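Here is how the chains run, residue by residue.
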Amino acid sequence: DTAVSQTPKYLVTQMGNDKSIKCEQNLGHDTMYWYKQDSKKFLKIMFSYNNKELIINETVPNRFSPKSPDKAHLNLHINSLELGDSAVYFCASSQVRGGAEAFFGQGTRLTVV
Amino acid sequence: AQTVTQSQPEMSVQEAETVTLSCTYDTSESDYYLFWYKQPPSRQMILVIRQEAYKQQNATENRFSVNFQKAAKSFSLKISDSQLGDAAMYFCAYSGGGSEKLVFGKGTKLTVNP
């Protein structure tokens, strides 16, 4: 069983469209994250949720809206997609304790054309 | 704000040799954690090794070890007996200040030559 799974793995869409990426973890973790990896491979935190509550929002445009229906799921919805949104988006989860290992999903490569 | 710097965009090593990847960080926190993550071409992020700042002993995991110099804010990764499967991007990361979020360096691409 995959610990952190994201769908889809690849997503190609046109500018202006709205799309969602889904994430599920079966590790029993309380904290989930979205990270963005740009074309230069730089990884940066976007959001963090703890037990369905948003705790980190790192100056991400309002077009990005995370939703956590329960602590095992964290979805990312993106409105009005722009070319600059093209990137790999990683979901991750961890326990709520200092220095806990983050487990990552396999990433979703989003290409906006 | 915490920052993580990896000054080597690319490194290469011969199979069976040893290579060291550099990482420095900046923080005013006293309680923090440092990590090395590996990202092979499959894109999957894999934890290689983890270090608690309050521990003086350097972490080791089989062929992987770190040289943690707290005063210098340096956290290098040594890979011994390099294998072809070690070829990947390696990211140094920091978490601390009560937050579990990871702050990543820009990564080092490691090539292993047969």
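You'll find the structure just up there.
Caption draft 1: Local environment of the packing of aromatic side chains. If you walk through the whole model with that rule in mind, you get 15 aromatic pairs over all chains. Ring centres of F104 of chain A and Y37 of chain B lie 5.5 Å apart, and the angle between their planes is 75 degrees; on these two criteria the pair is classed as edge-to-face. Within this pair, whereas F104 of chain A is found in strand β10 (residues 103–104), its partner Y37 of chain B is found in strand β5 (residues 32–39), the two belonging to separate chains. By relative accessible area, which is 1% here, Y37 of chain B ends up buried. Three or more aromatic residues joined by ring pairs form one cluster here, namely Y33, Y35, F90 and F104 of chain A together with F35, Y37, F91 and F104 of chain B. Directly above the ring of Y10 of chain A sits R43 of chain B, whose terminal nitrogen or CZ lies 5.1 Å from the centroid.

Caption draft 2: The arrangement of the pattern of salt bridges in detail. Taken as a whole and assessed by the stated rule, the structure comprises 8 salt bridges over all chains. A salt bridge links K101 of chain B to E58 of chain A, with the nearest nitrogen and oxygen atoms 2.9 Å apart. Here K101 of chain B is found in the loop between β10 (88–96) and β11 (103–104), whereas its partner E58 of chain A is found in the loop between β6 (53–57) and β7 (64–70) on a different chain. Salt bridges sharing common partners tie together R63, E82 and D85 of chain A.

Caption draft 3: Up close: empty space enclosed by the protein. Under the counting rule described, the total for this entry stands at 1 cavity of 30 Å³ or more. There is about 40 Å³ of room inside the largest cavity. Looking at the lining of the largest cavity, its residues break down into 4 nonpolar, 2 polar and 1 charged.

Caption draft 4: Local environment of the sheet that holds strand β3 (residues 19–25) of chain A. Residues and elements named next belong to chain A. The 4 strands are arranged β1-β3-β8-β7 in an open sheet whose pairing can be described as antiparallel. Strands at the two margins of the open sheet, each flanked by one partner only, are β1 (4–7) and β7. Strand-to-strand twist across the sheet, computed as the mean angle between neighbouring axes with direction ignored, equals 20 degrees. Both β7 and strand β8 (residues 73–78) contribute to a ladder of 5 bridges, which runs antiparallel. Residue P66 lies in a different strand from β8, and its bridge partner there is L76.

Caption draft 5: Spotlight on the interface of chain A and chain B. Counting from both sides, the interface comprises 28 residues of chain A and, opposite them, 19 residues of chain B. Approximately 1,900 Å² of surface area, both sides summed, lies buried where chain A meets chain B, with 55% of it carried by carbon and sulfur atoms. The largest per-residue losses of area from chain A upon contact with chain B belong to L43, G99 and F104 of chain A, which jointly make up 27% of the total buried on that side. Across the contact surface, chain A and chain B share 1 salt bridge. Joining chain A to chain B, the criterion identifies 8 residue pairs in polar contact (both at pLDDT 80 or more). Put simply, the parts of the chain that give the side of chain A that touches chain B at least two residues each are β4 (31–37), β5 (43–50), β9 (87–94) and β11 (108–112) of chain A. Each residue belonging to the side of chain A that touches chain B can be placed in one class, and the counts come to 13 nonpolar, 9 polar and 6 charged.

Caption draft 6: Layout of the nonpolar core. In terms of nonpolar packing, the biggest core is built from 26 residues, with Y25, W36, F75, L77 and Y90 of chain B touching the most fellow members. Elements that contribute at least two residues to this core include exactly β3 (19–21), β5, β6 (46–52), β8 (64–69), β9 (74–79), β10 and β12 (108–113) of chain B. Element by element, the count of residues in this core is highest for β10 of chain B, at 4 residues. When near neighbours in sequence (up to four residues on either side) are disregarded, L77 of chain B contacts V19, T20, L21, W36, V48, I49, F64, S65, V66 and Y90 of chain B. The next biggest cluster of nonpolar side chains, apart from the first, holds 20 residues, and it includes I21, F47, Y49 and V60 of chain A.

Caption draft 7: Fine view of the state of the cysteines. Residues and elements named next belong to chain B. Under the criterion given, the structure shown has 2 disulfides over all chains. Linked covalently through their sulfurs, C23 and C92 form a disulfide whose S-S length is 2.0 Å. In this structure, the disulfide formed by C23 and C92 twists by about -70 degrees around the S-S bond and is classed as left-handed. Here C23, found in the loop between β3 and β4 (24–26), pairs with C92, found in strand β10; they are 69 residues apart in sequence, far enough to count as distant. Among the residues examined, C23 registers a relative accessible area of 1% and is labelled buried. Accessibility expressed as a relative area gives 1% for C92, which makes it buried.

Quick notes on the rules
- Residues numbered from 1 in each chain as written.
- Chains lettered and ligands numbered in written order.
- Predicted model: local features only at pLDDT ≥ 70, side-chain atom pairs only at ≥ 80, totals over all residues.
- Heavy atoms only, no water.
- Phe/Tyr/Trp six-rings, centres within 6.5 Å; stacked < 30°, edge-to-face > 60°.
- Helix = DSSP H or I, 4+ residues; strand = E, 2+ residues; numbered from the N terminus.
- Buried < 20%, exposed > 50% of the residue type's maximum accessible area, 1.4 Å probe, protein only.
- Lys NZ or Arg CZ within 6 Å of the ring centre and 35° of its normal.
- Salt bridge = Lys/Arg side-chain N within 4 Å of Asp/Glu carboxyl O.
- 1 Å grid on protein atoms, 1.4 Å probe; cavity = no way out; pocket = protein on both sides within 12 Å on 5 of 7 lines; lining within 4 Å.
- Points joined across faces, edges and corners; volume = space filled by probe spheres on them.
- Nonpolar A, V, L, I, M, F, W, Y, C, P; charged D, E, K, R; others polar.
- Pairing = 2+ DSSP bridges.
- Axes fitted to C-alpha atoms, helices over the stretch in contact; angles between N-to-C directions.
- Contact = heavy atoms within 4.5 Å.
- Buried area = accessible area lost by both parts, 1.4 Å probe.
- Polar contact = N/O pair within 3.5 Å; in protein donor to acceptor, adjacent residues only side chain to side chain.
- Core = buried A, V, L, I, M, F, W, Y, C linked by side-chain atoms within 4.5 Å.
- Disulfide = S-S within 2.5 Å.

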